[in-house]
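Secondary and tertiary structure notes
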Amino acid sequence: MGKTIIKNGCIVTASETYYADILIEGEKITGIGGQMEIEGAPIIDAEGLYILPGAVDEHTHMSMPNGENGEILSMPWETDTIAAATGGTTTIVDFAIQEKGATLRETIQKWKDRANGNTAIDYSMHIAITDLTEEIIEEIPSAVEQGVSTFKLFMAYKGDKMVDDATLFRVLQKSKQVGGLVMVHAENGEVISLLQEQLINEGKTEPIYHAVSRPLEIEAEATRRAIALAKVTEAPIFIVHVSGEEAAEEIRRARSNGQPVYGETCPHYLFLDQSYLELPNFEGAKYVCSPPLREKYHQEKLWDAISEGTLQCIGTDHCSFNFKEQKHLGFDDFTKIPNGGNGIENWIQMLYTYGVKQGKISLNQLVELTSTNPAKFMGLFPKKGTIVVGSDADLVLFDPSIKLNISAANQKQGSDYNFYEDFAIQGSPRHVMLRGEVIVENGRYTGDLAQGEFVKAEPYGEAYQTIKKAGGNRNEHQPIETTGAL
């Protein structure tokens, strides 16, 4: 690979907005400045476009086994990483789920085998520990050495992925010793299982009862319990997919007391609500995910939590299943509906249109929430998540003038529906570069599935640091107000 220059674009990072040229040599950014000229170097004209660092989606489930025997798989890497690329995501951190009896090394290798040669973008991974033994505890340092420094524990899905409090406690202790970060799915699985059984016995089988069986108080209680265990171990903890105010309040309270507790929410909790689960003709099954969609007023509460810094990241929790072939498995029993939805193709469009354009977040915050902070917390920064000399040339040339309506009919995602069907969008990626190569041109995927590579995560990431406020040296470049339009 040679040299490429991007000219005339408006660079946006988590802390700065300015006009400059970008010089790319091979896979890296090697220069940022004014009026760069290199004889023979191709030039990409970004006039009228924002240049953003590629999004880092730190919460995905590609080809994830679902069901009692793992016989159901979510949509594959081949389709849904292409969808991610066209939507402006250049790195994902996927959850590798440990099978009963499997080692962490075997789990890491299994996920690499699934991804290698089948991914349009770069990937890292977390390990979800579901079967803790003494051998697995002692294997945690080795996983970190292999480039996997984040560990997920499910407090839900009784009889499948759920672990007990002792397991969570022991993993917190061990991961802290090697700079790992524990992430938790915080719901009380025991109570959920009981509520589900009671509802089914009462003949309440429709998708809306998925939400009824998983009330927000159950999420808040598990969040509080996980935070308490982390406090005893003096380890940092990261709460995934916070869905409403009560759970966010537990994080807020802990952070106000100085505890290193962090969290994310997901776009569907910001734009969709519980009423979607009540759609007729089983359409509500499309929106079954866990935690479930909440009442609409929680959306503003989550935006507030983002604005004040209670939540530091947004991740898609992309876990996409077909409606007709897979979601319909729970037609007569909501507990059998595969949990999960799509969103990785449209999340940046949605957050720009309904977040930045409506003044809920700035364009810099969009970068911070979807790229910079995820890269920092997951041990990928500054290789990923920013635009500086030495970083990978993962760049999104974003056109704020593009208008479209989201539709499953023209999506790249593999499923047969779209979470955000008929939402009107203004602003979308025009070109996307992965490590210096253009993989999306004028919205069309032009790369190949051999380009994506595994990225080793480093230990002792942002969870071990004081959260840095957006700012930096703004005198270095001419500041520009970011109101969502060039």
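Structural notes, computed from the coordinates.

Criteria and thresholds
Residues numbered from 1 in each chain as written. Predicted model: local features only at pLDDT ≥ 70, side-chain atom pairs only at ≥ 80, totals over all residues. Heavy atoms only, no water. Helix = DSSP H or I, 4+ residues; strand = E, 2+ residues; numbered from the N terminus. Expected span 1.5 Å × (residues − 1). Buried < 20%, exposed > 50% of the residue type's maximum accessible area, 1.4 Å probe, protein only. Arc of directions from axis to C-beta. Polar contact = N/O pair within 3.5 Å; in protein donor to acceptor, adjacent residues only side chain to side chain. Salt bridge = Lys/Arg side-chain N within 4 Å of Asp/Glu carboxyl O. Axes fitted to C-alpha atoms, helices over the stretch in contact; angles between N-to-C directions. Parallel < 35°, antiparallel > 145°, perpendicular 65-115°, else oblique. Left-handed = near helix turned anticlockwise from the far one by under 90°. Contact = heavy atoms within 4.5 Å. Nonpolar A, V, L, I, M, F, W, Y, C, P; charged D, E, K, R; others polar.

The α-helix advances 3.6 residues per turn, and as a result positions three or four apart in sequence lie on the same side. Along its 13 residues, helix α5 (residues 189-201) runs 18 Å from first to last C-alpha, staying within 8% of the 18 Å computed at 1.5 Å per residue. Looking at α5, one finds that the buried residues are G189, I192, Q196 and L199. Axial view of α5: buried residues confined to an arc of 90°, hence all on one face. Here α5 starts with a cap whose side-chain oxygen sits 3.2 Å from the backbone nitrogen of E190, and that cap is N188. Note on α5: the residue one or two positions beyond its end, G203, has a positive phi of about 80°.

Under the counting rule described, the total for this entry stands at 31 salt bridges. In this structure, E190 engages K158 in a salt bridge whose closest nitrogen and oxygen atoms are separated by 2.9 Å. Taken together, the residues span a long stretch of sequence, with E190 in helix α5 and K158 in the loop between β13 (150-154) and α4 (165-177) at a distance of 32 residues. A salt bridge links E234 to K176; the shortest N-O distance between them is 3.8 Å. One end of the pair, E234, is in the loop between α7 (216-233) and β15 (237-239); the other, K176, is in helix α4, and 58 residues separate them in sequence. Shared partners join several salt bridges into a network, and the residues in it are E27, K28, D122, K383, K384, D392, D394, R435 and E453.

Turning next to the packing of helix α8 (residues 245-256) against helix α10 (residues 298-308). Between α8 and α10, whose axes approach to 9 Å, the crossing angle comes to 20°. By the angle between their directions, the pair α8 and α10 is classed as roughly parallel. As for the relative orientation of α8 and α10, their crossing is left-handed in sense. Two secondary-structure elements touch here, α8 through E245, E246, A248 and R252 and α10 through H298, K301, A305 and E308. Looking at the contact of α8 with α10 residue by residue, the classes come out as two nonpolar, one polar and five charged.

Direction vectors running N to C along helix α11 (residues 347-356) and helix α12 (residues 363-377) enclose 145°, while the axes themselves pass 10 Å from each other. Crossing handedness for the pair α11 and α12: right-handed. Of α12, the residues touching α11 (which contributes W347, I348, L351, Y352 and V356) are L363, L366 and T370. Tallied by class, residues from the contact of α11 with α12 come to seven nonpolar, one polar and no charged.

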